[in-house]
Amino acid sequence: MTSLTQAPLPVALLQTALSLPVLILALPAGAIADLVDRRKWMIGLLLGLSLSTSILGLLAHQKLLTMNLLLGLIFIVGCLNASFVPAWMRTVPDILSGHQIPWGVALNSAGVNVARLIGASLSALILGNLIPGFGFFVTSMGFLAPALVLLQWRRDFTASSIAPESLPSAISGGMRYALHSHAVQRVALRTFAFAICSSALLALLPSVARQILKLQALEFSMLWLAFGVGALLGATLLVPLRARFALDDFIAAMSAMLALSIWIIATQVNFWLWLGLLVVAGIGWVGMVSSFGVAMGSVSSPWVLSRMLSLYVISFQGPAAVGSVLWGGVAQWLGPEKALSWGAVLL
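Residues numbered from 1 in each chain as written. Predicted model: local features only at pLDDT ≥ 70, side-chain atom pairs only at ≥ 80, totals over all residues. Heavy atoms only, no water.

Some points on helix H2 (residues 38–61)
Counted at 1.5 Å a residue, the expected span for H2 with its 24 residues is 34 Å, and the 34 Å between its end C-alpha atoms agrees. For H2, the N-terminal cap is Asp 37; the gap from its side-chain oxygen to the backbone nitrogen of Arg 39 is 3.1 Å. Phi turns positive one or two residues past the end of H2, at Lys 63, with a value near 60°. (Helix = DSSP H or I, 4+ residues; strand = E, 2+ residues; numbered from the N terminus. Expected span 1.5 Å × (residues − 1). Polar contact = N/O pair within 3.5 Å; in protein donor to acceptor, adjacent residues only side chain to side chain.)

So this is what it looks like as structure tokens:
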């Protein structure tokens, strides 16, 4: 996007186009995941994601990709992704059992986001500057890998002994459950607040890197790669550490780590310092995300788990869409550095 325009608001809208579909589709998708054979549902969505990103790659390769086309196609990708994620997260209880489920939910939630960051960064880092659209083609092939795994997963679809629900009934049932569960509401509200503030980093880093450090695609990919490496380290190292502390204390520590990293990035102009800080920010970010995922999985009943995980996804990615527009507007008013500093303060 920064090669098409350097204005902060359109760049931030890219994150919105990817996250906004969550507000529209995540809860219906969660209801569908509770009702149908999730394996077939996910395979179809993955094929759609592969096709959409292939079209993006072809348009980029032919230099036909405009800002409006990019936003529109990314919105389609966001719709498919919003439909896929609740079913993907819901497969964890199909594989694990008992006390393993909360940690499986956490690692799965972290893994989806880490793979998104590292995959895009690596594709652009290796050949993104040599072959236009290469990153999109790599992403397209990446969607086929889990589809092949799901094809070989011989899970028998067992019909529920409970009378089958219609989709509207399943959606309204999930909403009633959430409205009457104070624990679910607390997790959702805390996730919402975190997502609004932390979206400043994801929305504004492209503008800050481009305008302050004058980075090209290769160097910018290194920044996202550093953030992804930090998130990967956090996903693997923080699980045993979290068990030693109260959840509120752990979340406070991760929030402080993330906020401090963002604030220094906003006030210091040094590429190598940013790389190190983004590793730390990635650890703090995934610590927060996985903690909220564990909490939502722990307080939800199995029969409505897909729908509550959808609510968790909405609480996280929905505010990210709104926050991206908000921080993009603040950046155009105050400048991207000051806007990023305010995001750190509010965390």
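Details of the confidence of the model for the protein
Taken over all residues, the pLDDT of the protein has a mean of 79, while the share at 70 or more is 82%. When mean pLDDT is taken per element in the protein, H2 scores highest with 90 and helix H5 (residues 100–128) scores lowest with 61. (pLDDT = per-residue confidence, 0-100.)

Quick notes on the nonpolar core
Core analysis: the largest hydrophobic core is formed by 66 residues, its most contacted members being Phe 194, Leu 201, Leu 223, Trp 274, Leu 278, Trp 285 and Leu 340. Considering each element in turn, this core owes the most residues, 13 residues, to helix H11 (residues 271–299). Aside from chain neighbours lying at most four places away, what touches Phe 194 is Leu 258, Trp 285, Met 288, Val 289, Phe 292, Phe 316 and Leu 347. Counting residues in each nonpolar core, the second largest holds 22 residues, with Leu 46, Leu 70, Val 77 and Phe 143 among its members. (Core = buried A, V, L, I, M, F, W, Y, C linked by side-chain atoms within 4.5 Å. Buried < 20%, exposed > 50% of the residue type's maximum accessible area, 1.4 Å probe, protein only. Contact = heavy atoms within 4.5 Å.)

A word on the packing of aromatic side chains
For the structure on display, the rule yields 6 aromatic pairs. For the pair Phe 194 and Phe 292, a centre-to-centre distance of 6.1 Å together with 50° between the ring planes defines the contact as tilted. In this pair, Phe 194 is assigned in helix H8 (residues 182–212) and Phe 292 in helix H11, connecting sequence segments 98 residues apart. Here Phe 194 and Phe 292 have matching classes, each one buried. Ring centres 6.2 Å apart and planes at 15° place the aromatic pair Phe 194 and Phe 316 in the stacked group. On the criterion of sequence distance, the pair formed by Phe 194 in helix H8 and Phe 316 in helix H12 (residues 305–334) is long-range, its members being 122 residues apart. Considered together, Phe 194 and Phe 316 belong to a single accessibility category, that of buried residues. Within the aromatic cluster, the residues linked to one another by ring pairs are Phe 194, Phe 227, Trp 285, Phe 292 and Phe 316. (Phe/Tyr/Trp six-rings, centres within 6.5 Å; stacked < 30°, edge-to-face > 60°.)

With respect to the packing of H2 against helix H3 (residues 67–90)
Angle between the axes and distance between the axes are the two parameters that describe a pair of packed helices. Direction vectors running N to C along H2 and H3 enclose 160°, while the axes themselves pass 9 Å from each other. The angle between H2 and H3 places the two elements in the roughly antiparallel class. The interaxial crossing formed by H2 with H3 has left-handed handedness. Looking at the contact of H2 with H3 residue by residue, the classes come out as 18 nonpolar, 5 polar and 2 charged. (Axes fitted to C-alpha atoms, helices over the stretch in contact; angles between N-to-C directions. Parallel < 35°, antiparallel > 145°, perpendicular 65-115°, else oblique. Left-handed = near helix turned anticlockwise from the far one by under 90°. Nonpolar A, V, L, I, M, F, W, Y, C, P; charged D, E, K, R; others polar.)

Overview of the pattern of salt bridges
Under the counting rule described, the total for this entry stands at 2 salt bridges. A salt bridge links Asp 34 to Arg 307; its shortest N-O distance comes to 2.8 Å. Remark: Arg 307 occurs in helix H12 and Asp 34 occurs in helix H1 (residues 8–35); sequence separation between them is 273 residues. Between Asp 248 and Arg 190 there is a salt bridge, and its shortest N-O distance comes to 2.7 Å. You can see Asp 248 sitting in helix H10 (residues 247–267) and its partner Arg 190 sitting in helix H8, a full 58 residues away along the chain. With relative accessibility at 37%, the residue Arg 190 sits in the partly exposed group. (Salt bridge = Lys/Arg side-chain N within 4 Å of Asp/Glu carboxyl O.)

Some thoughts on a nonpolar patch on the surface
On the surface, Leu 260, Trp 263, Trp 333, Leu 334, Trp 342, Val 345 and Leu 346 cluster together into a nonpolar patch covering about 820 Å² of accessible area. Going through the elements one at a time, H10, H12 and helix H13 (336–346) are the ones with two or more residues in the nonpolar patch. With 3 residues, H13 is the largest single contributor of residues to the nonpolar patch. By the element assignment, Leu 346 lies in helix H13. (Patch = residues over 30% accessible without salt bridge, like charges linked within 9 Å, V, L, I, M, F, W, Y side chains within 5 Å. Areas by Shrake-Rupley, 256 points an atom, 1.4 Å probe, with all protein chains shown as cover.)

Observations concerning the packing of H10 against H11
Running from amino to carboxyl end, H10 crosses H11 at an angle of 150°, the nearest separation of the two axes being 8 Å. Between H10 and H11, the angle is such that the two are roughly antiparallel. The way H10 lies across H11 gives a crossing that is left-handed. Of the residues contributing to the contact of H10 with H11, the split by class is 19 nonpolar, 5 polar and no charged.

A look at the environment of Cys 79
Mapped onto the elements, Cys 79 comes out in helix H3. Taking the C-alpha atoms as reference points, Cys 79 and Leu 49, separated by 30 residues in sequence, lie 9.4 Å from one another. Sequence-distant contacts of Cys 79, that is, excluding residues within four places in its chain, are made with Pro 21 and Leu 25.

Some details on the environment of Asn 108
Along the chain, the position of Asn 108 falls in helix H5. For Asn 108 and Met 89, which are 19 residues apart along the polypeptide, the C-alpha to C-alpha distance reads 6.6 Å. When neighbours within four sequence positions are excluded, Asn 108 is seen to be in contact with Trp 88, Met 89 and Val 92.

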